[in-house]
Amino acid sequence: MAEAADFQGTNPSPARRWLRRTGALLAGAPLLAGLLQLPSAASANAAGQASLQAASGSGSVAVALDSLSPAVPTDGDTVTVSGTVTNNGKQTVTGAHVGLHVGPQLNTRSAIEDIANDSGNVQGATGSEIGGKYVEKFPKLTPGVAEPFSITVPVDKLDLGDDGVYQFAASLSGQTRAQPWNHVLGIQRTFLPWQPDEAGTKTKTTFLWPLVSTVHMTAETGSNEQQTPVFLNDDLAKEISPGGRLDEMLSLGESLDITWVIDPDLLASVDAMTRSYRVRAANNTTTAGTHQAVAKQWLAELQKAVADKEVVALPFADPDLASLAHNGTSVTGSLSHLKEATDVVANTVEPILHVKPNTDFAWPVDGAVDPSIVKVATSAGADQVIARSDSLQETGGLPYTPSAARPIGGGTTAVVADARLSEAFQGDLTTASDGTLAVQQFLAQSLELNLQTNKQRSIVVAPQRMPTTHQAQAMADALAALQGGNWSEAQKLTSAAKAKPDPDATTTVPSTSAYPSSLRKQELPRSAFEEIATTQDELDNFKVILSDESRVVTPFGRAMNRGMSTSWRGSAAAAASFRGDVDNHLTDLTSQVKLIDKSDTKLSGRSATIPVTVQNNLVQGVQHLTLRLTSTSPTRLQIGGHAYQEQAVTVSGGHSQTVKFTTTAKANGQATVVAQLYTEDGQEYGNAVTFDVKVTEFTATVMLVIGGGFLLLVLAGFRMYTQRKRAAARQAEEGGPDEAGEPAEGPKNPEGPEDRLKEESGTDARADDPEQPSDPTPDTAPESTDPSGTGERVDR
């Protein structure tokens, strides 16, 4: 209205101009708001597209290489690659195909390791796809569904050049709704070793094949003559049964050129299973073992497998050398257990396997060494230590891997296993793809090592001590391919140790501070060795009294070796429980020889004997024991004339013996007596028995008074008797009987014999009166020697 009111050719008023500008501003506000919102909408749409691409873009398909055959191809071979592809995205993949790629040659061992650590990265270089008919197509891949593939291609189509290691990959390419163009959605890289002709210089390779297990036997044995052993559980039966871990290790190793590394404890345990054995059950009970046939079969197969092979025996139960070096050497007697574990090998391995083992090698955990470990490892007689290259590292900048043997001083040789080859099979190899990748990586590292130099070298491979069945299978596959290749030849461990050392290789053992903290955390603590030392002291005190100490010394000695086993790493609670059970069982046995408790005793009289009983509930006799009886109050009661008395004790199995001690009372009162067994070397054995003896002996003065009174009584009776006899005699002289038999009446005498007798005896009896009951008897009965009726009776 204001605009209509203006006249043409005239200027609007200030009020009208203000209204006009305000209206224009209000009218443009919605348009401005819309313009401001356009960038935000574009950003949101872009974010949605990016999210969609992330859900179904590169890397959304998993490629698994389940097999690559042959693992080491040569001229004229045909390579077959099999596996699966799985769409892990949210969108269906269309127009997909699996293709093979041969990448550039890898010239260093570290390059191989880098590729292995990043084998699924779709962004990395892979080389051109072989293509053509050597692909497998999939019209579509549904999310979550695995599809198998298998591609066979002649080696000459791979366009391999010089000898060496080539990157080899299988990739899945396709498109999705979010990314409607052909691109790589998943890839799996591996390695293709290429050595078609015999190498001019071959690497001599030693592969250790360990037969090592966990601890299975306890210190307990039966009371029968065979000493039936008791096992912790039946796990060993599972391991040696068909399909078990140790059964697989044996079956796979039979056909390989390897060095067997065996724990004698494993052999002893399986050998014990061939006869009667027991297995711990619930509630501290045992059940009969039933796997004798399995144990016999496994040992028979092992005997055949090692008949013409090198056998290296570890010390019994594979003691943890690092734990002993770092935590046990300060505990008295710990090193002696290592010596015993080494000495017992000859009497364990050879009788069972019928081969003479080599005992010159020590094998610390993961080959990690320091000066203290080397010192302990060689203290029991081994002069060669199996180390590893990630512990005894090269510091001289060598462009190649040197031979294993290294003189490290003191006449000791470190046999340094190659870390990359030794660790190749430590991962989770439960899937076929993981096993295949481990095999190919091992072979690639081995070939690359051989190509480093023309120098002849001896390389050692020391895998983990207890491989799983899948790891063992991968090891066997890799070793079979290696032995069929053209760049390596098998060698015994003893030969590798004697090979000429490389003069430029490091011989410096790393310091103790360089020992890996991850391994140190798993070591047996000092307290473990202290517990073992305590058990050993108890055993030493116990064995001296036994008539057949071997029945106890052997099982407990081997149990203490097992308490130091490397297999306890990572199982601290189980290790402590095992050591505690061993000590508790020994305590139970020692308590079977004991003194029988005595009650308090009363001693009447000047002397008596006190019996003390020793009970032996063992199945064997005990000897070399001394029983000492001690009076704590020798001024009141003496034992054998002294404060104490000792007597030798010998007790048959399952019997008791009573030992009698002569005691002498010196004064009335109560005396405490202590009975204690001692071994022949003066060590206390078992618990003492303490009891009180109450002495009630008459003193010499009292006995003199009683004796004097008794003598006066006898004399008085005798005087009365003689006086009566005299009176009767006088009466007979003064007059005899009359004719009637009555006595003649004699002269009256007011003071005759009867009156005198009456006066002297104090009675009114006449000579012819009969004897009265009150007359004294001619003698008295002797004093009774029976002890008091209260308290324990003692022998007099």
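In this report, we go over the structure that sits alongside the text. Everything numeric in this text was worked out from a predicted model, so none of it was measured. Here the residue numbers are simple positions, counted from 1 along each chain's written sequence. It should be noted that, the model being predicted, local features are given only for residues of pLDDT at least 70 and side-chain atom pairs only at 80 or more, the latter also being counted only at that level, while totals for whole chains, interfaces and linings use all residues. The basis for the side-chain values is all heavy atoms of the structure; hydrogens and waters are excluded.

Some remarks on the packing of aromatic side chains
In step 1: Each Phe, Tyr or Trp ring, with Trp reduced to its six-membered ring, pairs with another whose centre is within 6.5 Å; inter-plane angles below 30 degrees give stacked pairs, above 60 give edge-to-face pairs, and intermediate values give tilted ones. Scanning all chains against the criterion turns up 6 aromatic pairs.
In step 2: Geometrically, the ring pair formed by F425 and F442 is tilted, given 5.3 Å between the ring centres and 40 degrees between the ring planes. Pair noted here: F425 is in the loop between α12 (419-422) and α13 (432-451) and F442 is in helix α13, with a separation of 17 residues, a long-range link. Across the pair, exposure class does not vary: F425 and F442 are buried alike.
In step 3: Put simply, the rings of F207, W209, F425 and F442 touch in pairs and so form one group of aromatic residues.
In step 4: Throughout this description, the term charge over a ring refers to an Arg CZ or Lys NZ atom that lies within 6 Å of the ring centre and within 35 degrees of the ring normal. The ring of Y644 has R628 sitting right over it, with the charged end atom 4.8 Å from the ring centre.
In step 5: Directly above the aromatic system of Y678 lies the positively charged group of R628, at a separation of 4.4 Å from the ring centroid. Only runs of H or I of at least four residues qualify as helices and only runs of E of at least two qualify as strands under DSSP, and these elements are numbered from the N terminus. Categorising residues by exposure relies on relative accessible area from a 1.4 Å probe, with only protein chains included: less than 20% of the type maximum marks a residue as buried, more than 50% marks it as exposed, and the intermediate range marks it as partly exposed.

Some words on the pairing of strand β17 (residues 405-409)
In step 1: Paired strands, in this sense, are two strands between which DSSP finds at least two bridges. Two elements, β17 and strand β18 (residues 412-417), share 4 bridges in a ladder whose sense is antiparallel. The residue bridging A405 from the neighbouring strand is V415, located in β18.
In step 2: Between β17 and the antiparallel strand that follows it, β18, lie 2 residues; G410 among them carries a positive phi value of about 70 degrees.

Examining a negative patch on the surface
In step 1: Patch building starts from residues that exceed 30% relative accessible area and form no salt bridge, then joins like charges within 9 Å and nonpolar side chains (Val, Leu, Ile, Met, Phe, Trp, Tyr) within 5 Å. Reported accessibility uses the Shrake-Rupley method at a 1.4 Å probe radius. Residues are deemed covered only where the shown protein chains occlude them. By definition here, a salt bridge exists when the distance from a side-chain nitrogen of Lys or Arg to a carboxyl oxygen of Asp or Glu is within 4 Å. Charge counting follows a simple rule: Lys and Arg are positive, Asp and Glu are negative, and His as well as the terminal groups are ignored. One atom stands in for each charge, and that atom is NZ of Lys, CZ of Arg, CG of Asp or CD of Glu. Taken together, the side chains of D75, D156, D162, D163 and D197 present a region of like negative charge at the surface.
In step 2: Tracing the chain through its elements places D163 in the loop between β5 (146-154) and β6 (164-175).

Let's talk about the sheet that holds strand β1 (residues 61-69)
In step 1: Spatial ordering of the open sheet is given by β1-β2-β5, a layout of 3 strands whose pairing is antiparallel. On the outer flanks of this sheet lie β1 and β5, each paired with one strand and no other. The sheet shows a mean angle of 20 degrees between the axes of neighbouring strands, direction not considered.
In step 2: Summarising the sheet, strand β2 (residues 78-87) and β5 pair through 9 bridges and their orientation is antiparallel. In the strand pairing of β5, V85 is matched with E147. Here an axis means a line fitted to C-alpha atoms, over the contact stretch when the element is a helix, while the angle between two N-to-C directions is reported on a 0 to 180 degree scale.

Focus: the side chain of T342
In step 1: If you trace the backbone, T342 turns up in helix α9 (residues 334-343).
In step 2: Accessibility expressed as a relative area gives 16% for T342, which makes it buried.
In step 3: Contacts: residue pairs with any heavy atoms within 4.5 Å of one another. Leave out the neighbours within four places in its chain, and T342 touches P315 and A380.

Brief notes about α13
In step 1: One less than the residue count of a helix, multiplied by 1.5 Å, gives the span that helix is expected to have. Compared with an ideal rise of 1.5 Å per residue, which puts 20 residues at 28 Å, α13 spans 29 Å between its outermost C-alpha atoms and is within 8% of the ideal.
In step 2: The element α13 is largely enclosed, with a buried count of 16 among its 20 residues.

Topic: the sheet that holds strand β15 (residues 361-362)
In step 1: Spatially, 4 strands are ordered β15-β16-β18-β17 in an open sheet, and the strand pairing comes out mixed. Each end of this open sheet is capped by a strand with a single partner; those strands are β15 and β17.
In step 2: Judged from the 5 bridges that link them, strand β16 (residues 384-388) and β18 form a sheet pairing that is parallel. The partner of Q384 across the bridge, within β18, is T413.

What to know about the packing of helix α8 (residues 321-328) against α9
In step 1: Interhelical geometry of α8 versus α9 gives an angle of 160 degrees and a closest axis separation of 10 Å. Regarding the angle of α8 to α9, the classification is roughly antiparallel. Once α8 is placed against α9, the crossing between them reads as left-handed. Taking contact as the criterion, the partners of L321, L324 and G328 in α8 are, on α9, S334, L335 and L338.
In step 2: Residue composition of the contact of α8 with α9, by class: 4 nonpolar, 2 polar and no charged. Should an angle fall under 35 degrees it is called roughly parallel, over 145 degrees roughly antiparallel, and 65 to 115 degrees roughly perpendicular, with every other angle called oblique. Note on convention: near helix rotated counterclockwise from far helix by under a right angle means a left-handed crossing. Clockwise means right-handed. Residues were grouped as follows: Ala, Val, Leu, Ile, Met, Phe, Trp, Tyr, Cys and Pro as nonpolar; Asp, Glu, Lys and Arg as charged; and all remaining residues, including Gly, as polar.

Some points on empty space enclosed by the protein
In step 1: A pocket here means an open set of points on a 1 Å grid, computed over the protein atoms alone, that has protein on both sides within 12 Å along at least five of seven lines. A cavity is instead a set of points where a 1.4 Å probe fits but cannot get out; residues with an atom within 4 Å of a point line either one. Grid points are joined across faces, edges and corners, and a volume is the space filled by probe spheres set on the points. Tallied over the entire structure, the rule returns 4 cavities of 30 Å³ or more.
In step 2: Space inside the largest cavity adds up to approximately 100 Å³.
In step 3: Where the lining of the largest cavity is concerned, the elements lending two or more residues are α9, β15 and α11 (371-379).
In step 4: Of the residues contributing to the lining of the largest cavity, the split by class is 12 nonpolar, 3 polar and no charged.

Focus: the environment of T672
In step 1: As for its placement among the helices and strands, T672 is situated in strand β28 (residues 669-679).
In step 2: Note: C-alpha distance between T672 and S631 (41 residues apart in sequence) is 6.1 Å.
In step 3: Dropping the residues within four chain positions of it, T672 is found in contact with T630, S631, T632, S633, T690, F691 and D692.
In step 4: Side chain to side chain, T672 and D692 meet in a polar contact 2.9 Å long. Under the rule applied, a polar contact is a pair of N or O atoms within 3.5 Å (in protein, one hydrogen donor and one hydrogen acceptor; residues adjacent in sequence only if both atoms are side-chain atoms).

Examining the pattern of salt bridges
Pairing between side chains of opposite charge can happen when their charged atoms approach one another.
In step 1: Counted by the stated rule, this structure contains 20 salt bridges.
In step 2: Between D271 and R275 there is a salt bridge, and its shortest N-O distance comes to 3.3 Å.
In step 3: Under the relative-accessibility criterion, R275 is labelled partly exposed at 46%.
In step 4: Two residues, R526 and E530, come together in a salt bridge whose shortest N-O distance is 2.8 Å. Taken as a pair, R526 and E530 lie in helix α17 (residues 526-543) at a separation of 4 residues, close to a single helical turn.
In step 5: Here R526 falls in the partly exposed class, since its relative accessible area comes to 38%.
In step 6: Using a relative accessible area of 34% as the deciding quantity, one classes E530 as partly exposed.
In step 7: What you see here is one network of salt bridges that share partners, running through E220, R280 and D581.

Digging into the environment of T176
In step 1: Within the element layout of this structure, T176 appears in the loop between β6 and β7 (183-194).
In step 2: Since its relative accessible area comes to 4%, T176 is described here as buried.
In step 3: Note: C-alpha distance between T176 and K90 (86 residues apart in sequence) is 9.8 Å.

Quick word on the environment of L627
In step 1: The topology assignment puts L627 in strand β24 (residues 622-631).
In step 2: Along the sequence, L627 and A648 sit 21 residues apart, while their C-alpha atoms lie 6.3 Å from each other.

Shape descriptors only; they carry no functional weight alone.
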